Amino acid sequence: MSYAITQTCCTDATCVAVCPVNCIHPTPEERQFGSTEMLHIDPKTCIDCGACADACPVDAIFPVESLSAGLREYADLNAAYYEENPAPAPEGPNFHTWGAPSFPRSLPSDFGPLRVAVVGTGPAGMYAAQDLLLHTNSEVTLVDRLPVAGGLMRYGVAPDHPDTKKAAETFARFHDHPRVRMHLGLSVGTDVTAEELAAHHDAVVYAVGASADRQLGIEGEELPGSISATRFVAWYNAHPDVPPDAVDLSAERVVVVGNGNVALDVARILLADPEALARTDIADHALEALRAADVREVVLLARRGPEHAACTATELLALKHLPGVDLLVDDHDERIAAAIDGAGAKEKAAVLQGVPRAPVAWESAPGPGRRIVFRFHSEPREVLGTRGVSAVRTSGAAGEQEIPAGMLLRSIGYRGLPLDGLPFDETTGTVPHETGRVAGRPGTYVVGWIKRGPSGGIGANRTCAEETVSTLLADAVAGSLPEPSASARAFQRLARSRNRRIVDARGLAAIERTEAARGHRDGRPRVKLATVPELVAAARGGRWRGPR
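The shown structure was predicted, so the numbers you read here are calculated from the model rather than taken from an experiment. (Residues numbered from 1 in each chain as written. Predicted model: local features only at pLDDT ≥ 70, side-chain atom pairs only at ≥ 80, totals over all residues. Heavy atoms only, no water.)

Participant: What am I meant to see in the overall build of the chain here?
Facilitator: Across its full length, the chain carries 19 helices and 23 strands. The C-alpha atoms of the chain give a radius of gyration of 24 Å, which matches the 24 Å a tight globule of 548 residues would have. In terms of principal-axis extent, the alpha carbons of the chain reach across some 75 × 70 × 50 Å. Of all 548 residues assigned to the chain, the portion counted as buried reaches 53%. The long-range share in the chain, meaning contacts at least 24 apart out of those at least 6 apart in sequence, stands at 74%. If you sum the accessible surface of the chain, you get close to 24,600 Å²; carbon and sulfur atoms cover 50% of it. Counting 56 positive and 69 negative side-chain charges, the chain places the centres of these two groups 7 Å from one another. (Helix = DSSP H or I, 4+ residues; strand = E, 2+ residues; numbered from the N terminus. Rg over C-alpha atoms; globule rule 2.2 N^0.38 Å. Buried < 20%, exposed > 50% of the residue type's maximum accessible area, 1.4 Å probe, protein only. Contact = heavy atoms within 4.5 Å. Areas by Shrake-Rupley, 256 points an atom, 1.4 Å probe, with all protein chains shown as cover. Lys, Arg positive; Asp, Glu negative; His and termini not counted. Charge placed at Lys NZ, Arg CZ, Asp CG, Glu CD.)

And the structure:
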């Protein structure tokens, strides 16, 4: 028996580090690691020790014999990887092929403690903090503009992916670390300036992600009922920036522009059984709205063909097993069938083999039941409507087509926003840097999507953070970090003088207890607090009673 890696793989390579026989690939040293959608276990060399399953932060690894019906295809997916990428054969009597020893970091014996601020508590920021805390004697100040930690782990992962959210537990152990100080609810640029933050620390690492969305740039895009998938995801995840009434689900048909993982997430949430979602940590207001929703059909609009789908094969495969939801490929272009039927077993388009294909009569209302329609080779040209979205005009090989719909969700990517006092590249939506070091700003660094753009999942931030922290430490050894002009205690006094609602590690723990207790009553993992006043009140051990 062997193990297999399944849908929720985060590619942070923790499993690679513990495998005694080198049966998990690609490893961080291999070229494919940066571009692979998931890691794979070689069934021929796996010795069934289970070390990888124990170490996996997102519970993505299971014995092949125990895979449920919806996960059995992942065993074949793991094995298929090695048909084109044979595992390296050991050259000696050891199971594991060990490379030459490598010590990319070299710190002098008298290397003193650094005081580093990390702005952002999502995966990128927490990987950077983890690296500093585990491998140096640095003191870390965690700063986040929201009064709760987690970033996209809390507000970006779909509620029906609870295993993916477990990665947050790995980071949570550092929240109350003795060398960590938390300032949640503190906004850099509003409460304190970037210069003030830098003056109290040896270095500052910005891990603020890419919080904005990309625009379609077409007429009618700003009509009521046309919103970004970013906003929709934040809405169903109880983000304080998005009010409970921000989304209207009275439309029978919703068009989603894009076919990446986020597009699949929103399509799945729109059509999933609300009673199944009631066992997750979805926002209460979103659950209530979905129970009353009229949505019966979601159209995934893609400019290119199925062979170029932006989603991962694992997420596409999971969509085929969504209970009570039919899939259909709109067969309006002869290239679509050719791409799907001609796809090899290891190609993404092959996942759609067996999915029904037929031309869609868009002038008709959605039929009974619930379904997701894949419409490839179709580009949005205009959003039609007067008081709100009524249709989307598209173009393709067969000419223009109007698709009646009462809601449009654009899911064509994220984009970073300028940071106070830092350089910014408007074209890429990132901060210019050299291996994480911000150009022209000594002691200032970036990590995550604001560094490399919105690409890569949770695990990609681990290697990204390692690069940035290595650059920071090299600068420290070289003596090129600016000397802080004030103490950590002085920063704490400054922060609290500017914002009386700051949440520390103790307050964060109180929020966690409050949400868990609310969830326990309803048989849910947690019920999220959805506003800043509620979060701050819970952090202080009280209950927010609303405006007076």
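Here the narrative resumes, following the displayed structure.
Participant: So what exactly am I meant to see when it comes to the sheet that holds strand E14 (residues 357-358) here?
Facilitator: The strands that make up a sheet pair up through hydrogen bonds in the backbone, lying either parallel or antiparallel. If you walk across this open sheet you meet the 7 strands as E10-E19-E11-E12-E15-E13-E14, and the pairing is parallel. Two strands bound the open sheet, and with one partner strand each, they are strand E10 (226-228) and E14. Pairing between strand E11 (residues 253-257) and strand E12 (residues 297-301): 5 bridges, direction parallel. Paired with Arg-253 across the strands is Glu-297, a residue of E12. Taken strand by strand, helix H10 (residues 261-271) contacts E11, E12, strand E13 (325-330), strand E15 (370-375) and strand E19 (407-410), and its axis lies near 170 degrees from that of E12. (Pairing = 2+ DSSP bridges. Axes fitted to C-alpha atoms, helices over the stretch in contact; angles between N-to-C directions.)

Participant: Quick question: what am I supposed to make of the sheet that holds strand E17 (residues 391-396) here?
Facilitator: The strand order across the open sheet built from 3 strands is E16-E17-E18, with neighbouring strands paired in antiparallel fashion. Where the open sheet ends on each side, the last strands, each with one partner, are strand E16 (379-384) and strand E18 (399-404). The mean inter-strand angle of the sheet, taken between neighbouring strand axes irrespective of direction, is 25 degrees. Here E17 runs beside E18; their pairing, made up of 6 bridges, is antiparallel. Among the inter-strand pairings, Ser-395 is bridged to a residue of E18, identified as Glu-400.

Participant: Please clarify how the packing of helix H9 (residues 229-236) against H10 should be interpreted in this entry.
Facilitator: Axes are the key here: two packed helices are described by the angle between their axes and the distance separating the axes. Closest axis-to-axis distance for the H9/H10 pair is 10 Å, and the angle between their directions is 50 degrees. As far as their axial angle goes, H10 and H9 are oblique. In the crossing of H9 with H10, the sense of the turn from one axis to the other is left-handed. Contacts from Ala-229, Phe-232, Val-233 and Tyr-236 of H9 reach H10 at Val-262, Asp-265, Val-266, Ile-269 and Leu-270. Among the residues forming the contact of H9 with H10, the class breakdown is 8 nonpolar, no polar and 1 charged. (Parallel < 35°, antiparallel > 145°, perpendicular 65-115°, else oblique. Left-handed = near helix turned anticlockwise from the far one by under 90°. Nonpolar A, V, L, I, M, F, W, Y, C, P; charged D, E, K, R; others polar.)

Participant: Even after reading the chapter, I still don't get the environment of Val-355, so can you show me in this structure?
Facilitator: For Val-355, the location among the structural elements is in the loop between helix H14 (334-341) and E14. For the pair Val-355 and Leu-327, spaced 28 residues apart in the sequence, the C-alpha separation amounts to 6.4 Å. Once you skip the residues sitting within four places of it in the chain, Val-355 turns out to touch Lys-320, Leu-327, Leu-328 and Val-329.

Participant: Honestly, helix H18 (residues 505-522) in this entry has me stumped. Any pointers?
Facilitator: Because an α-helix packs 3.6 residues into every turn, residues spaced three or four apart end up facing the same way. In this model H18 runs 26 Å from its N-terminal to its C-terminal C-alpha over 18 residues, within 8% of the 26 Å that 1.5 Å per residue would give. Between a side-chain oxygen at the N-terminus of H18 and the backbone nitrogen of Arg-506 the separation is 3.2 Å; the capping residue is Asp-504. Positive phi shows up at Gly-523, right after H18, with a value of about 70 degrees. (Expected span 1.5 Å × (residues − 1). Polar contact = N/O pair within 3.5 Å; in protein donor to acceptor, adjacent residues only side chain to side chain.)

Participant: Teacher, can you tell me more about the packing of helix H4 (residues 123-135) against helix H16 (residues 460-478) here?
Facilitator: The geometry of H4 relative to H16 is characterised by a closest axis approach of 8 Å and an angle of 50 degrees between their N-to-C directions. In terms of axis orientation, H4 runs oblique to H16. The two elements H4 and H16 meet at a crossing, and its hand is right-handed. Across from Pro-123, Ala-124, Tyr-127, Ala-128, Asp-131 and Leu-132 in H4, the residues of H16 making contact are Asn-461, Arg-462, Ala-465, Glu-466, Val-469 and Leu-473.

Participant: Explain the pattern of salt bridges to me, please; I cannot follow it from the model alone.
Facilitator: Any two side chains of opposite charge can pair if their charged atoms end up close together. Under the definition given, this model contains 37 salt bridges. For Glu-512, the salt bridge is made with Arg-526, and the minimal N-O distance between the two is 2.9 Å. Placement of the pair is Glu-512 in helix H18 and Arg-526 in the loop between H18 and helix H19 (532-539), with a sequence separation of 14 residues. It is possible to trace a salt-bridge network through shared partners that takes in Arg-154, Glu-512, Glu-515 and Arg-526. (Salt bridge = Lys/Arg side-chain N within 4 Å of Asp/Glu carboxyl O.)

Participant: I keep staring at the packing of aromatic side chains and nothing clicks. Help me out?
Facilitator: Two descriptors summarise a pair of aromatic rings, namely the distance from one centre to the other and the angle between the planes of the rings. Applying the stated rule across the entire model yields 6 aromatic pairs. For the pair Tyr-81 and Tyr-82, a centre-to-centre distance of 5.1 Å together with 85 degrees between the ring planes defines the contact as edge-to-face. Each residue in the set Phe-232, Trp-235 and Tyr-236 is aromatic and connected to the rest through ring pairs, giving one cluster. (Phe/Tyr/Trp six-rings, centres within 6.5 Å; stacked < 30°, edge-to-face > 60°.)

Participant: Teacher, can you tell me more about the nonpolar core here?
Facilitator: Where a protein is soluble and globular, its nonpolar side chains tend to be buried together. If you look at the biggest cluster of nonpolar residues, it comprises 66 residues, and the most contacted ones within it are Ile-24 and Ile-41. The leading source of residues in this core is H4, at 7 residues. Among residues more than four places away in sequence, those in contact with Ile-41 are Tyr-3, Ala-4, Ile-5, Cys-23, Ile-24, Cys-46, Cys-52, Ile-61, Asn-78 and Tyr-82. Counting residues in hydrophobic clusters, the runner-up holds 60 residues, among them Ala-158, Ala-238, Val-247 and Leu-277. (Core = buried A, V, L, I, M, F, W, Y, C linked by side-chain atoms within 4.5 Å.)

Participant: Would you mind going over unusual backbone geometry with me for this structure?
Facilitator: Trans is the prevailing form of peptide bonds, just as negative phi is the prevailing case for residues other than glycine. Residue Pro-26 is reached from His-25 by a cis peptide bond, and omega for that bond is -5 degrees. Checked against the element boundaries, Pro-26 lands in the loop between strand E2 (24-25) and strand E3 (40-41). One non-glycine residue, Ala-13, lies in the positive phi region at around 70 degrees. Ala-13 gets classed as buried once you look at its relative accessible area, which sits at 7%. Positive phi, close to 65 degrees, is recorded for Ala-238, a residue that is not glycine. With relative accessibility at 1%, the residue Ala-238 sits in the buried group.

Participant: So what exactly am I meant to see when it comes to empty space enclosed by the protein here?
Facilitator: Vacant regions in the atomic arrangement are exposed by a probe of water-molecule size rolled over the atoms. If you walk through the whole model with that rule in mind, you get 4 cavities of 30 Å³ or more. There is about 70 Å³ of room inside the largest cavity. Lining the largest cavity are 14 residues, with Cys-9, Cys-10, Thr-11, Cys-15 and Cys-56 sitting closest to its centre. Broken down by class, the residue content of the lining of the largest cavity amounts to 11 nonpolar, 2 polar and 1 charged. The wall of the second largest cavity is formed by Cys-19, Pro-20, Val-21, Cys-23, Ile-41, Cys-46, Ile-47, Asp-48, Cys-49, Gly-50, Ala-51 and Cys-52. (1 Å grid on protein atoms, 1.4 Å probe; cavity = no way out; pocket = protein on both sides within 12 Å on 5 of 7 lines; lining within 4 Å. Points joined across faces, edges and corners; volume = space filled by probe spheres on them.)

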